[in-house]
Protein chains: 2
Amino acid sequence: MRPSEDDLIARYFAPMAGEGGLGLRDDVALIGVTPGHQIVLTVDAIVEGVHFLAEDPADTVGVKALGVNLSDLAAKGAKPIGFLLTLALPEGWSEPWLARFCEGLGRMAEASGCPLLGGDTVRARGTLTLSITAIGEVPDGRMVPRTGARPGDVIGVTGTVGDATLGLALLVGSPDWHGALRPEHRAFLVDRYREPRPRLSLAPDLRDCANAAMDVSDGLAGDAAKLLGASGVGGMLDLDALPLSGAASLAIRSDETLRDRVATGGDDYEILFTVPERSWDRLASVAGAKDVPVTRIGRVGMPGGPVSFERSGRPVTLSSLSYQHSWGSA
Amino acid sequence: MRPSEDDLIARYFAPMAGEGGLGLRDDVALIGVTPGHQIVLTVDAIVEGVHFLAEDPADTVGVKALGVNLSDLAAKGAKPIGFLLTLALPEGWSEPWLARFCEGLGRMAEASGCPLLGGDTVRARGTLTLSITAIGEVPDGRMVPRTGARPGDVIGVTGTVGDATLGLALLVGSPDWHGALRPEHRAFLVDRYREPRPRLSLAPDLRDCANAAMDVSDGLAGDAAKLLGASGVGGMLDLDALPLSGAASLAIRSDETLRDRVATGGDDYEILFTVPERSWDRLASVAGAKDVPVTRIGRVGMPGGPVSFERSGRPVTLSSLSYQHSWGSA
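Structure report, in brief.

Conventions we followed
- Residues numbered from 1 in each chain as written.
- Chains lettered and ligands numbered in written order.
- Predicted model: local features only at pLDDT ≥ 70, side-chain atom pairs only at ≥ 80, totals over all residues.
- Heavy atoms only, no water.
- Disulfide = S-S within 2.5 Å.
- Buried < 20%, exposed > 50% of the residue type's maximum accessible area, 1.4 Å probe, protein only.
- 1 Å grid on protein atoms, 1.4 Å probe; cavity = no way out; pocket = protein on both sides within 12 Å on 5 of 7 lines; lining within 4 Å.
- Points joined across faces, edges and corners; volume = space filled by probe spheres on them.
- Helix = DSSP H or I, 4+ residues; strand = E, 2+ residues; numbered from the N terminus.
- Nonpolar A, V, L, I, M, F, W, Y, C, P; charged D, E, K, R; others polar.
- Axes fitted to C-alpha atoms, helices over the stretch in contact; angles between N-to-C directions.
- Parallel < 35°, antiparallel > 145°, perpendicular 65-115°, else oblique.
- Left-handed = near helix turned anticlockwise from the far one by under 90°.
- Contact = heavy atoms within 4.5 Å.
- Phe/Tyr/Trp six-rings, centres within 6.5 Å; stacked < 30°, edge-to-face > 60°.
- Lys NZ or Arg CZ within 6 Å of the ring centre and 35° of its normal.
- Buried area = accessible area lost by both parts, 1.4 Å probe.
- Salt bridge = Lys/Arg side-chain N within 4 Å of Asp/Glu carboxyl O.
- Polar contact = N/O pair within 3.5 Å; in protein donor to acceptor, adjacent residues only side chain to side chain.

Okay, the state of the cysteines next. Put plainly, two cysteines are in a disulfide when a covalent bond ties their sulfur atoms together. Residues and elements named next belong to chain A. A complete count under the given rule lists zero disulfides over all chains for this structure. Free of any disulfide, Cys114 has its nearest cysteine sulfur in Cys102, 15 Å distant. In this structure Cys114 comes out as buried when scored by relative accessible area, which is 0%.

Reported here for the second largest pocket is a volume of approximately 1200 Å³. As for the second largest pocket, its lining consists of 50 residues, of which Glu5, Asp27 and Asp120 of chain A together with Asp218 and Lys226 of chain B are closest to the centre. Among the elements that make up the lining of the second largest pocket, the one with the highest residue count is strand E4 (residues 116-123) of chain A (eight residues). Of the residues assigned to the lining of the second largest pocket, the class counts are 21 nonpolar, 13 polar and 16 charged.

For the rest of this paragraph, the subject is the packing of helix H1 (residues 5-13) of chain B against helix H3 (residues 95-112) of chain B. Two packed helices can be described by the angle between their axes and the distance between those axes. Residue and element names in this part refer to chain B. Axis separation between H1 and H3 bottoms out at 10 Å; the angle between their running directions is 45 degrees. By the angle class used here, H1 and H3 are oblique. The handedness of the crossing between H1 and H3 comes out as right-handed. Across the interface between the two elements, Leu8, Arg11, Tyr12 and Phe13 from H1 touch Glu95, Leu98, Ala99 and Cys102 from H3. For the contact of H1 with H3, the per-class residue count stands at six nonpolar, no polar and two charged.

On to the packing of aromatic side chains. Overall, the coordinates contain four aromatic pairs over all chains when judged by the stated rule. Seen from their ring centres, Trp97 of chain A and Phe101 of chain A are 5.3 Å apart, and the 10 degrees between their planes marks the pair as stacked. One end of the pair is Trp97 of chain A and the other is Phe101 of chain A, both in helix H3 (residues 95-111) and four residues apart, which spans about a single turn. Overall, the relative accessible area of 0% leaves Phe101 of chain A in the buried class. On the numbers, 6.0 Å between centres and 15 degrees between planes, the contact of Phe273 of chain A with Trp280 of chain A is stacked. What makes Phe273 of chain A buried here is its relative accessible area of 0%. Sitting over the ring of Trp280 of chain A, Arg296 of chain A keeps its end group 5.5 Å from the ring centre. We note Lys64 of chain B situated over the ring of Tyr193 of chain B; from NZ or CZ to the ring centre the distance is 3.7 Å.

Another aspect to go through is the interface of chain B and chain A. In many analyses, interface size is given as the accessible surface area lost on bringing the parts together. Chain B puts 60 residues into the contact, and the matching count from chain A is 60 residues. Carbon and sulfur atoms supply 58% of the area buried between chain B and chain A, which totals about 5100 Å² over both sides. Where chain B packs against chain A, one counts four salt bridges. The residue Asp26 of chain A makes a salt bridge to Lys76 of chain B at a minimum N-O spacing of 2.7 Å. Along the contact surface separating chain B from chain A lie 23 residue pairs in polar contact (both at pLDDT 80 or more). When residues of the side of chain B that touches chain A are traced back to their parent elements, those giving at least two are H1, strand E1 (29-31), strand E2 (37-47), strand E3 (79-89), strand E4 (116-123), strand E5 (129-139), strand E7 (212-216) and helix H7 (220-231) of chain B. In terms of residues, the side of chain B that touches chain A owes the most to one element, E2 of chain B, which gives nine residues.

Here it is, written out as structure tokens:
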């Protein structure tokens, strides 16, 4: 006999619950807010076969489900308070899968100081679907908006881009460039696809320095165009400047067409931001001290101006700016 | 060609968005909290074929998705601030369906002062699945818990119970008692299944008077046992005292077996609460003035005592205390 929802709560969810979760014995969570702060909320769902693969280890699904939401909080300069989980379990779910999923989820919750506060478990009529609402707080008026980029700002990004999309390519096929990589390179890329690492440590520094920020989830080029568009400004991105991992560089050396893919593939979960030129050095220095490399990749242009991409100082056209999870069309 | 997620946001979601939704142009929502208040959060998902029927009019699905969450806020004495929506759309979704869904959702949002603050739209691999996180606030320390019932408290419930489960029975079959009802009775019961009416107007009075409360979603008998159990007390429910609508009374007159069903069927979305005897009259009077009838249905017993159900002063045994959405077992 399958465990009841109450059994699941007692066995798997209560151990990762925070104080505001009221022991998961009420229908709601109750949280206090630090005086002088506002609440930041974000919700992101992931669906088996769309955002993760049925074969992905269950713990990595837990890491990803929470990680993609924490990445949004980090980009806004917010500190996590907790999260709510909706779990739609398909007919054939197994308790070992769920146990391992919760292990990954709990690991990410613990590492980020973001406990479970509540949730709902329902039966899915289809594949596993997860939705997480993450709750954070920022000092009043200090959230880093998407809309604040100013002409002349430096455009920067954390970490490296394109690793996750290459990792996904390795998981779903055997691309020609596969052989150019050593096993540890392949493992690195796959790990980057499966386990986003939200840049929470950088949140206070983004609040101090950045005019605008968002997390990169649908491909750097498209997300940069979105941020600049939301801010009502143009800008230029130097695609030669994109920070690449050693593994991604090797793959590109073997297949030049990947050069566009790393700029447009999804699932990076790095932070794209703009800062005034005068603040760049300060941000780069504190970020470096926190082991979060940041790289200059472009410059914000004039209000209403065009968004352009360059290589070797010449404009290039990307066939598609973003990866689409193609949720709509068949 | 299907509209993109950005198109859907502009056409359907932005019109019902509140200020904290930042125009649905950022990845997050940002809300302020009234000084001296705490945040109450709840999440409930509904799945086509489990919590609603594929044939249900789309606007009623919108009403239900938000209504079941607002019902939780009401039971806790909270005032709604806004909500986040996760919409997992199956392959075959249609824009007219979505438009009508948003009409119902927007109607409930407007009526309850609970605007849309953000969300995520993904592709479902299965039937339509919706998850809503509702956010509210209560004065510090004033949330009505599930765990506060005290020996001697009166157990009360709002409105009438059992209508929704009878409505569902009419929708999925043609029960013998069908003929005992006039068309307007049948329409009433079906409407009660499809469109919960969260008792938000009673929230401040529950804060003032009630020791414990929860909304009735899985059947009155089982939910009462849950509330008493969470409070660590026993109690007695007089099943003869359950408030029934005219339509439900007629159905029971035609089929005596329905007497148990109205006490154990799901989807009532009324509020079950306990109040000290001395506060009953005050609560009943303010509730009546707000057109929310409340009925005494039992009495809280001693700590650790049994939970019993009676009819005509004699104990009865219910074969099952609650309706299960049977999400787990096959």
